[in-house]
Amino acid sequence: MAWLLFGIFFLLLFLNVPIGIAIASAAAIILLMRDGISALSLVPDIMYASISKFTLLAIPFFILAGVIMEYAGVSKRLIRFADALVGHYKGGMVMVTVLTAMFFAAISGSGPATVAAVGTILIPAMLKYGYSKPLASGLVASAGSMGVVIPPSITFIIFGVLAGDKLNVTIGKLFIAGIVPGILMGIGFYLAAMVAMKMKEKRGAVAAEGVSASPDREKMTVREKFKAFLDAFWGLLMPFIILGGIYGGVFTPTEAAVVAVFYGLIVGFAVYREIKLKDLPKILVESATTTAVVMLIIGAASVFAYIITVEDFANTFTQTMLAITDNKYVILLLINILLLIAGMFLEATSAFYLFTPILIPIVMQFDIDPTAFGVLMVVNLAIGLFTPPVGVNLYVASGIAKISLKEISIGILPFVIAAIVVLMLVTYFPVVSTWLPDLLGMK
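Analysis parameters
Residues numbered from 1 in each chain as written. Predicted model: local features only at pLDDT ≥ 70, side-chain atom pairs only at ≥ 80, totals over all residues. Heavy atoms only, no water. Helix = DSSP H or I, 4+ residues; strand = E, 2+ residues; numbered from the N terminus. Rg over C-alpha atoms; globule rule 2.2 N^0.38 Å. Buried < 20%, exposed > 50% of the residue type's maximum accessible area, 1.4 Å probe, protein only. Contact = heavy atoms within 4.5 Å. Areas by Shrake-Rupley, 256 points an atom, 1.4 Å probe, with all protein chains shown as cover. Phe/Tyr/Trp six-rings, centres within 6.5 Å; stacked < 30°, edge-to-face > 60°. 1 Å grid on protein atoms, 1.4 Å probe; cavity = no way out; pocket = protein on both sides within 12 Å on 5 of 7 lines; lining within 4 Å. Points joined across faces, edges and corners; volume = space filled by probe spheres on them. Nonpolar A, V, L, I, M, F, W, Y, C, P; charged D, E, K, R; others polar. Axes fitted to C-alpha atoms, helices over the stretch in contact; angles between N-to-C directions. Parallel < 35°, antiparallel > 145°, perpendicular 65-115°, else oblique. Salt bridge = Lys/Arg side-chain N within 4 Å of Asp/Glu carboxyl O. Patch = residues over 30% accessible without salt bridge, like charges linked within 9 Å, V, L, I, M, F, W, Y side chains within 5 Å.

### Structural notes on the overall build of the protein
A tally of helices and strands in the protein yields 22 helices and 0 strands. Whereas a compact globule of 443 residues would reach a radius of gyration of roughly 22 Å, the protein reaches 22 Å, a difference of no more than 12%. Put simply, the protein has 443 residues, and 55% of those count as buried. Long-range pairs, those at least 24 residues apart, make up 79% of the contacts in the protein with a sequence separation of at least 6. Here the protein displays about 18,300 Å² of accessible surface, and carbon together with sulfur accounts for 70% of that area.

### Thoughts on the packing of aromatic side chains
With the rule as written, the count across this model stands at 13 aromatic pairs. Pairing Phe9 with Phe304 gives two aromatic rings, centres 5.6 Å apart and planes at 70 degrees, and the pair type is edge-to-face. A residue pair is termed long-range when its members are at least 10 positions apart, and Phe9 in helix H1 (residues 2-14) and Phe304 in helix H14 (residues 280-310) qualify at 295 residues. Taken as a pair, Phe9 and Phe304 share a single burial class, namely buried. Seen from their ring centres, Phe81 and Phe103 are 5.9 Å apart, and the 25 degrees between their planes marks the pair as stacked.

### Brief notes about the layout of surface pockets
Over the atoms, a rolling probe the size of a water molecule traces out where space has been left empty. Of the volumes computed, that of the largest pocket is approximately 600 Å³. What lines the largest pocket is a set of 25 residues, and nearest its centre among them are Ser110, Pro112, Ala113, Thr290 and Val294. Within the residue set of the lining of the largest pocket, elements represented by two or more residues are helix H4 (58-71), helix H7 (111-128), helix H9 (154-167), H14 and helix H17 (348-365). Split into classes, the residues belonging to the lining of the largest pocket amount to 14 nonpolar, 8 polar and 3 charged. Considered as a void within the structure, the second largest pocket measures approximately 460 Å³ in volume. Along its surface, the second largest pocket is lined by 19 residues, and Leu162, Lys166, Ala305, Thr309 and Pro357 are the ones closest to its centre. Taken together, the residues of the lining of the second largest pocket break down into 11 nonpolar, 4 polar and 4 charged.

### Quick look at the side chain of Thr371
Note on placement: Thr371 falls in helix H18 (residues 370-384). Aside from chain neighbours lying at most four places away, what touches Thr371 is Val169, Lys173, Leu174, Ala177 and Thr434.

### Topic: the environment of Glu311
Within the secondary structure layout, Glu311 lies in the loop between H14 and helix H15 (313-324). Sequence-wise, Glu311 and Ala2 are 309 residues apart; in three dimensions their C-alpha atoms are separated by 6.4 Å. Excluding residues within four positions of it along the chain, Glu311 makes contact with Met1, Ala2 and Arg34.

### A look at the environment of Thr371
Its relative accessible area of 2% is what places Thr371 among the buried residues. Separated by 37 residues in sequence, Thr371 and Leu334 place their C-alpha atoms 19 Å apart.

### Focus on the packing of H1 against H14
Following both chains from N to C, one finds H1 and H14 inclined at 155 degrees, their axes separated by 10 Å at the closest point. Judged by the inter-axis angle, H1 sits roughly antiparallel to H14. Taking contact as the criterion, the partners of Leu5, Phe6 and Phe9 in H1 are, on H14, Phe304, Ile307 and Ile308. Per-class residue counts for the contact of H1 with H14 are 6 nonpolar, no polar and no charged.

### Details of the pattern of salt bridges
Scanning all chains against the criterion turns up 5 salt bridges. Each of Lys76, Arg77, Arg80, Asp231 and Glu274 takes part in salt bridges that share partners, so that together they form one network.

### A closer look at empty space enclosed by the protein
Scanning all chains against the criterion turns up 1 cavity of 30 Å³ or more. Estimated volume of the largest cavity: approximately 60 Å³. Around the largest cavity, the lining residues are Gly343, Leu346, Glu347, Ala348, Leu381, Gly384, Leu385, Val390, Gly391 and Val392.

### Some remarks on a nonpolar patch on the surface
A contiguous nonpolar patch, built from Phe226, Phe229, Leu230, Phe233, Trp234, Ile266 and Val271 and spanning about 610 Å² of accessible area, is present on the exposed surface. Secondary-structure elements contributing two or more residues to the nonpolar patch are helix H12 (222-247) and helix H13 (253-271). Relative to the helices and strands, Phe233 resides in helix H12. The partly exposed category is assigned to Phe233, whose relative accessible area is 30%.

This is the structure:
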């Protein structure tokens, strides 16, 4: 039944049925086949139980906080600050894009939100400085994936809810564990862009990426840099308040999300004064729409996960993997391949609900560090955000740049390679993820 469940689900995906509906429909069909029509009464009970957890309240609040900060004009101030710091270097706009994406990732917790906030300003700016559309849009799409790795991250919250009790891992520790891998991804994306431009120069395509040979603009004065910092200060302060409060034991991740909302409102209304009362309905509707999609997927995926549990598919899958090999490092490689393929077709939230229950027994069997494994899953599914055919970031970036999916898919190739290199580091050197939370004494 479990194999049939996956078969029906992927068939529905192939028929372009929305992910949330595909998950719910596949689960409902299997319940009907397994226990008859009376079993459908379980669906609302399971869905309600899955989305009514206190910890998951962090998701709508972090989404709302990200939308508020975007309306408050934080993204343009972060871009101006990043430009002041690194815009004068060789390939400066690449550095500005990556750095701004990292800043905004620490505010939004969402990949597509990061792409939208950063891309609307930086893709046109990169084109103005002579970067090609595939490179500019590909860079923004890939850099936006850091939104789910650098805390606060909605995906870490979901992993913590699903695996926290069984693997003894906390959301606060997962947040801190994502910082170094997120920074490494940013460095990797910058190097990938520079290498791609250098290769084009060698092939004589200097006109398309000519900016790589010289700074994008003149260096700002210290006074100008300080002014840009002061302007962006309130936006930069938000992640420090969130993480500092969680680490200091002042509030839980869920409470931190509420604090982020109120902080964003204070910044938007009283500091930057870019949010007006008339904007609140738009902000609330946009946040509610995004939250509804996420929660529908979570509710539907929980029914899917229920069937997997009842059918004991997780243990069957574990035994199948062990029949292939009992080498821990080969098992990790196979898990990475599975998640990379899944990320190409599934939205991150649904992928977590589908695969976390299956993979938990393997983590326990091989004594894999649960925090490092959580980061491994998140990085895998972050890559899925900018890989075709379902990579959400690709569609957002290509819409801004007005290019086809085929063109942007070529543009993201160097960044996919860079992200996979970081994934391998996270996989086989778990200390990359765990040293910072261990240093801070996170439990």
